[in-house]
Amino acid sequence: MEQLAEASGVSARAISDMERGRSVAPQRRTVQALAGALALSEADRSTFLAGRTRAAPARPASRCALPRPIADFTGRGGELDRLGRVAALARPAPAAAPVATVSGVAGVGKTALAVQAAHALGERFPGGTFFLDLRGMHARPTGPGEALARLLAALGVPEGETPVHDADRAGLYRDLLRGRPALVVLDNAADEAQVRPMLPGPGPSLTIVTSRRLLAGLDGVHRLSLGHLSAEDAAALLRSIVGVGPQRQADAVREVVELCGRLPLALRIAGNRLTSRPQWSVRHLADRLADERRRLDQLTAGDLRLAAAFNLSYDQLSPSARCLFRRLSLLPWPEFDARLAAVFGPAGPDDTEDALEELVELSLLQAETNGRYRLHNLIRLFARQRLAEEEPAAAHDTAQRRPAAARDTAQRRPAGRLPRRRALAG
């Protein structure tokens, strides 16, 4: 029985239930997995499937069904391969069930990647594939107890049998996954405390968690940090949305790709604008995006607004981190270090370091090597927009003179204390 469980991915407990008659009509995909592990002949396989299976019970689409796959999903081959390798670690208990986290800035395609991976890997998990939006960036994220109740219902627990207490719900959830090869996507997690009760124990399941936060407090997870697309993949995505041939308007396509910062959401909005306005050329859109003052306003299509996506992250920041974030947009360089950032900070160096880490945690700032940081060009424009709306113009002028003062100070310092190249390069 243990050998069959190992070969099929079906838990020994489930096989035992079938053997003892407690599960007289298992789902078809479960029996298919067993038939494959037993290497049955074609005739025996047909008889085996016909006599032992039932159709999967109907489950309302609202109960954690996967969203539809994206037809023009482009790139991310390396990331999909990595998630596939994590999925291969799923083994029957007592092996630990693998958990992968996917983090990155708003609009980088975390949900799209997780959904694409779940559709591609679904056949490996005959216990079902499930998706739950945790609404982590909203004013009232989904509570762990409510999320667990929805997952338990999706796993077949009748409403009247759902435990009252959150800890009991978490225990029942882990117990069900202990014997069920299921794939669960927990999308848009707010923080570690929200998602920790939904992490599985031992068993053959896979959990993928997406979040704008790094979720550094979670132990034993496989971390995947998602960056912007390569220039080639970004151009391919825009072409697939718009339907532009490889040789047509090549220069304009490259220009739009860079003006969108190779961010998938920005590219999708740009592509949707073009397809909804057939009289526009790619060059016309590139010219409209070229004006930095209007670029974020141009990246709007229907209910898709890039600035709104950034704003959800901005609302999560502390007041001091918001202030630093806004003023960093005045830097003439996209890359800087903590000492230069402290020139704009509302408090001392330690508080500036804390604010920078807060921005990194929410993926509004990218941590580079050697203690340096980088602002994505579209996030920088968003920060400048927030600065114009939330701080008086006089404060802008005062803050804008600070980089020159910092540069003069750096030039007067002895070599080795704050090298000009490290402080101001970018």
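Residues numbered from 1 in each chain as written. Predicted model: local features only at pLDDT ≥ 70, side-chain atom pairs only at ≥ 80, totals over all residues. Heavy atoms only, no water.

The name given to the protein in an unreviewed UniProt entry is Putative ATPase, with Actinoplanes teichomyceticus as the source organism.

**Q** What's the story with the sheet that holds strand β2 (residues 129-133) in this structure? I'm lost.
**A** The strands that make up a sheet are held in pairs by hydrogen bonds between backbone atoms, and each pair lies either parallel or antiparallel. One open sheet holds the five strands; their spatial order is β2-β3-β4-β1-β5, and the pairing between them is parallel. Every other strand in the sheet has two partners, leaving β2 and β5 (222-225) as the edge strands with one partner each. Ignoring which end each strand starts from, the neighbouring axes of this sheet average 15 degrees apart. Here strand β1 (residues 99-103) pairs with strand β4 (residues 206-211) via five bridges, running parallel. For A100, the partnering residue across the bridge sits in β4 and is I208. Contacts from helix α5 (residues 77-87) reach β1, β4 and β5 within the one sheet, and its direction differs from that of β5 by about 170 degrees. Most of the contacts of helix α7 (residues 144-154) go to β2, to which it runs at about 155 degrees, and overall it touches β2 and β3 (183-187). (Pairing = 2+ DSSP bridges. Helix = DSSP H or I, 4+ residues; strand = E, 2+ residues; numbered from the N terminus. Axes fitted to C-alpha atoms, helices over the stretch in contact; angles between N-to-C directions. Contact = heavy atoms within 4.5 Å.)

**Q** Is there a simple way to think about the environment of L224 in this case?
**A** Within the fold, L224 resides in strand β5. Taking the C-alpha atoms as reference points, L224 and K110, separated by 114 residues in sequence, lie 9.8 Å from one another. For L224, the residues in contact, after removing those within four places along its chain, are E79, R82, L83, T101, V102, S103 and L113.

**Q** Would you mind going over a negative patch on the surface with me for this structure?
**A** A cluster of like negative charges, contributed by D350, D351, E353, D354 and E357, occupies part of the molecular surface. Among the secondary structure elements, D351 is positioned in helix α18 (residues 349-361). For D351, a relative accessible area of 42% corresponds to the partly exposed category. (Patch = residues over 30% accessible without salt bridge, like charges linked within 9 Å, V, L, I, M, F, W, Y side chains within 5 Å. Areas by Shrake-Rupley, 256 points an atom, 1.4 Å probe, with all protein chains shown as cover. Salt bridge = Lys/Arg side-chain N within 4 Å of Asp/Glu carboxyl O. Lys, Arg positive; Asp, Glu negative; His and termini not counted. Charge placed at Lys NZ, Arg CZ, Asp CG, Glu CD. Buried < 20%, exposed > 50% of the residue type's maximum accessible area, 1.4 Å probe, protein only.)

**Q** Quick question: what am I supposed to make of the packing of aromatic side chains here?
**A** For any pair of aromatic rings, the description consists of the separation of the ring centres together with the inter-plane angle of the planes. This structure, assessed with the given rule, holds five aromatic pairs. Here Y314 and F382 contribute two aromatic rings whose centre-to-centre distance is 5.9 Å and whose plane-to-plane angle is 85 degrees, an arrangement assigned as edge-to-face. Remark: F382 occurs in helix α19 (residues 377-390) and Y314 occurs in helix α15 (residues 306-314); sequence separation between them is 68 residues. For Y314, a relative accessible area of 2% corresponds to the buried category. Accessibility expressed as a relative area gives 1% for F382, which makes it buried. A centroid spacing of 6.1 Å and a plane angle of 45 degrees characterise the contact between F325 and F382, whose relative ring orientation is tilted. Residue F325 is located in helix α16 (residues 319-328), and its partner F382 is located in helix α19; the two are separated by 57 residues in the primary sequence. For the pair shown, F325 and F382 are each scored as buried. Three or more aromatic residues joined by ring pairs form one cluster here, namely F310, Y314, F325 and F382. (Phe/Tyr/Trp six-rings, centres within 6.5 Å; stacked < 30°, edge-to-face > 60°.)

**Q** Whenever I open this one, the pattern of salt bridges confuses me. Can you help?
**A** Any two side chains of opposite charge can pair, on the condition that their charged atoms come close. Under the counting rule described, the total for this entry stands at 16 salt bridges. The partner of E258 in a salt bridge is R262, and the shortest N-O contact between them spans 3.2 Å. Given the relative accessible area of 39%, E258 is considered partly exposed. Note on R262: relative accessible area 23%, which makes it partly exposed. Within this structure, R326, R327, R386, E389, E390 and E391 form a network of salt bridges that share partners.

**Q** Please clarify how the environment of E368 should be interpreted in this entry.
**A** For E368, the location among the structural elements is in the loop between β9 (366-367) and β10 (372-374). Residue class for E368 comes out partly exposed when judged on its relative accessible area of 29%. As for E368 and F336, which are separated by 32 residues in sequence, their C-alpha atoms are 9.5 Å apart. A polar contact is formed between the side chain of E368 and the side chain of Q366, at a distance of 3.3 Å. (Polar contact = N/O pair within 3.5 Å; in protein donor to acceptor, adjacent residues only side chain to side chain.)

**Q** It is not clear to me how the sheet that holds strand β8 (residues 335-337) should be interpreted in this structure. Could you clarify?
**A** If you trace the three strands from one edge of the open sheet to the other, you get β8-β10-β9, paired in antiparallel fashion. Every interior strand has two partners, whereas the edge strands, β8 and β9, have only one. With two bridges connecting them, β9 and β10 associate as antiparallel partners. Paired with A367 across the two strands is Y373, which belongs to β10. With respect to the sheet, α18 is in contact with β8, β9 and β10, its orientation differing from that of β10 by roughly 45 degrees.

**Q** Sorry if this is basic, but what is going on with the packing of helix α10 (residues 231-242) against helix α12 (residues 264-276) here?
**A** Working note: a packed helix pair is described by the angle between its axes plus the distance between those axes. Two elements in contact, α10 and α12, have axes separated by 9 Å at closest approach and are oriented at 30 degrees. Taken together, the axes of α10 and α12 lie roughly parallel to each other. Our pair here, α10 against α12, has a crossing hand that is right-handed. Here α10 contributes A234, L237, L238, I241 and V242 to the contact with α12, which in turn contributes P264, L267, R268, G271, N272, L274 and T275. Across the contact of α10 with α12, the residue classes tally to eight nonpolar, three polar and one charged. (Parallel < 35°, antiparallel > 145°, perpendicular 65-115°, else oblique. Left-handed = near helix turned anticlockwise from the far one by under 90°. Nonpolar A, V, L, I, M, F, W, Y, C, P; charged D, E, K, R; others polar.)

**Q** Hey, could you run me through unusual backbone geometry in this one?
**A** Glycine aside, residues mostly have negative phi angles, and peptide bonds mostly take the trans form. Note that the residue after A93, namely P94, is joined by a cis bond; omega there is 15 degrees. Counting through the fold element by element, P94 comes out in the loop between α5 and β1. Here the phi dihedral of S363 falls at roughly 65 degrees; this positive angle occurs in a residue that is not glycine. The topology assignment puts S363 in the loop between α18 and β9. Judged by its relative accessible area of 11%, S363 is buried.

**Q** Just to check I follow, could you spell out the packing of α5 against helix α6 (residues 110-121) for this structure?
**A** Their axes nearest at 10 Å, the elements α5 and α6 cross at an angle of 55 degrees. Judged by the angle between their axes, α5 and α6 are oblique. Of the two elements, α5 crosses α6, and the hand of that crossing is right-handed. Taking contact as the criterion, the partners of E79, L80, L83, G84 and A87 in α5 are, on α6, L113, Q116, A117 and L121. Tallied by class, the residues present in the contact of α5 with α6 amount to six nonpolar, two polar and one charged.

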